[in-house]
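What follows is the residue order along each chain.
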Amino acid sequence: RDSSMRVQGRKILFLGIARPDTGLDLVLKALPLVRRRLGNVSLKIVGPSNAVVEGLKRLAADSGLEAFLECAGVCDRAAFETLFSDCYCGVNLVADPNSYSSRVIPAKVWDYLQYLLPVLVTAYVGPTAETIRERRIGLVTAPDTDAVASALIELFEERSACVQNIQRFLRTRSSTGLVQLLCPDASGHGSPAANAAADMAGDEGKR
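Caption draft 1: Molecular detail of the pairing of strand E2 (residues 42-46). Counting buried positions along E2 yields five of five residues, so the element is predominantly enclosed. Residues Ser42, Lys44 and Val46 point to one face of E2 and Leu43 and Ile45 to the other, with burial holding for every one of them. In the sheet, strand E1 (residues 11-15) pairs with E2 via five bridges, with the strands oriented parallel. Bridged to Phe14 within E2 is Ile45. Each parallel crossover has a hand, and the one from E1 via helix H1 (residues 24-38) to E2 is right-handed. Of the strand pairs in this sheet, E2 and strand E3 (residues 69-71) are connected by three bridges, and their pairing is parallel. Looking across to E3, one finds that Leu43 is bridged to Leu69. In this region the chain leaves E2, passes through helix H2 (residues 51-62) and returns to the parallel neighbour E3; the handedness of that crossover is right-handed.

Below you can see the structure in the form of structure tokens.
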């Protein structure tokens, strides 16, 4: 799908199950800085409601940001293209260096890329971060508010170049598997990393 010519979305997407270490509080805290530079930017969560999401709603209300937090709930995959059409990037800001995400391929990153959304991650998503950095299909940021705000602004302003890089990246997909693409070091057959990646491939789809 080619969305490089569509009207640029102004929402930041998080897909999947919100956990305490997924950095959504960082995005919310960064929003005032991002909005000061870019205007009407907001956060969209596509996934189930849970204690983390409810906590974010309270944080948004306390910060006067409730109008800029959209919780779409659990949605069928067939609706993703429509749901993502008003978004300009996808985030997975793992804030815990000991998170299991550092040992697997975050499935949400692959979903973002399939819909031509540049990705914003921390180094704690594991080897996938290096692929994102090398292929310039997104940004790797530190898990703090100022760094996240700067990265979100940069992704908005440089979206066109990122989308072109994603399109080039995806063209290699026909002859190369997901594990080899996003996590080359984990591609050894039977290796712990490869097995973890394979186990993770559908995990975030169970939402």
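Caption draft 2: Geometry of the packing of H1 against helix H6 (residues 145-157). Taken N-terminus to C-terminus, the directions of H1 and H6 make an angle of 50°; their axes are 8 Å apart at the nearest point. Relative to H6, H1 is oriented oblique. As for the relative orientation of H1 and H6, their crossing is right-handed in sense. Counting all contacts with H1, which are made through Leu26, Val27, Lys29, Ala30, Leu33, Val34, Arg37 and Leu38, the residues of H6 involved are Thr145, Asp146, Val148, Ala149, Leu152, Ile153, Phe156 and Glu157. Along the lines of polarity and charge, the residues of the contact of H1 with H6 split into eleven nonpolar, one polar and four charged.

Caption draft 3: Expanded view of the sheet that holds strand E6 (residues 138-140). Ordered in space as E3-E2-E1-E4-E5-E6, the six strands form an open sheet in which the pairing is parallel. Every interior strand has two partners, whereas the edge strands, E3 and E6, have only one. Put simply, the sheet's adjacent strands are angled 20° from each other on average, direction ignored. Strands E2 and E3 of the sheet are contacted by H2, whose axis makes an angle of about 155° with E3.

Caption draft 4: Local environment of the pattern of salt bridges. With the rule as written, the count across this model stands at eight salt bridges. As a salt-bridge pair, Glu130 and Arg133 come within 2.7 Å of each other at their nearest N and O atoms. Here Glu130 pairs with Arg133, and both are found in helix H5 (residues 128-135), just three residues apart, close to one helical turn. Note on Glu130: relative accessible area 37%, which makes it partly exposed. Look at the salt bridges and you will find they share partners, linking Lys11, Lys44, Glu70 and Asp86 into a network.

Caption draft 5: Fine view of the nonpolar core. Ile12, Leu43, Phe84, Tyr88, Val91 and Leu152 are the most contacted members of the largest nonpolar core, which totals 58 residues. If near-sequence neighbours (up to four positions away) are discounted, Ile12 is found in contact with Val27, Leu31, Val41, Ser42, Leu43, Lys44, Tyr88, Cys89, Val91 and Leu152.

Caption draft 6: The arrangement of the packing of aromatic side chains in detail. This structure, assessed with the given rule, holds five aromatic pairs. Consider the rings of Phe80 and Tyr115, whose centres lie 6.3 Å apart with planes at 70°: the pair is edge-to-face. In this pair, Phe80 sits in helix H3 (residues 80-84) while Tyr115 sits in the loop between helix H4 (107-114) and strand E5 (119-121), placing the two residues 35 residues apart along the sequence. Classification of Phe80 as buried rests on a relative accessible area of 2%. Looking at Tyr115, the relative accessible area reads 12%, which means it is buried. Considering the side-chain rings of Trp110 and Phe169, the 6.5 Å spacing of their centres and the 75° angle between planes classify their relative orientation as edge-to-face. In this pair, Trp110 sits in helix H4 while Phe169 sits in helix H7 (residues 159-170), placing the two residues 59 residues apart along the sequence. Here Trp110 matches Phe169 in class, with each residue buried.

Basis of the calculations
- Residues numbered from 1 in each chain as written.
- Predicted model: local features only at pLDDT ≥ 70, side-chain atom pairs only at ≥ 80, totals over all residues.
- Heavy atoms only, no water.
- Buried < 20%, exposed > 50% of the residue type's maximum accessible area, 1.4 Å probe, protein only.
- Helix = DSSP H or I, 4+ residues; strand = E, 2+ residues; numbered from the N terminus.
- Pairing = 2+ DSSP bridges.
- Right-handed = clockwise from strand over helix to strand, strands pointing away.
- Axes fitted to C-alpha atoms, helices over the stretch in contact; angles between N-to-C directions.
- Parallel < 35°, antiparallel > 145°, perpendicular 65-115°, else oblique.
- Left-handed = near helix turned anticlockwise from the far one by under 90°.
- Contact = heavy atoms within 4.5 Å.
- Nonpolar A, V, L, I, M, F, W, Y, C, P; charged D, E, K, R; others polar.
- Salt bridge = Lys/Arg side-chain N within 4 Å of Asp/Glu carboxyl O.
- Core = buried A, V, L, I, M, F, W, Y, C linked by side-chain atoms within 4.5 Å.
- Phe/Tyr/Trp six-rings, centres within 6.5 Å; stacked < 30°, edge-to-face > 60°.

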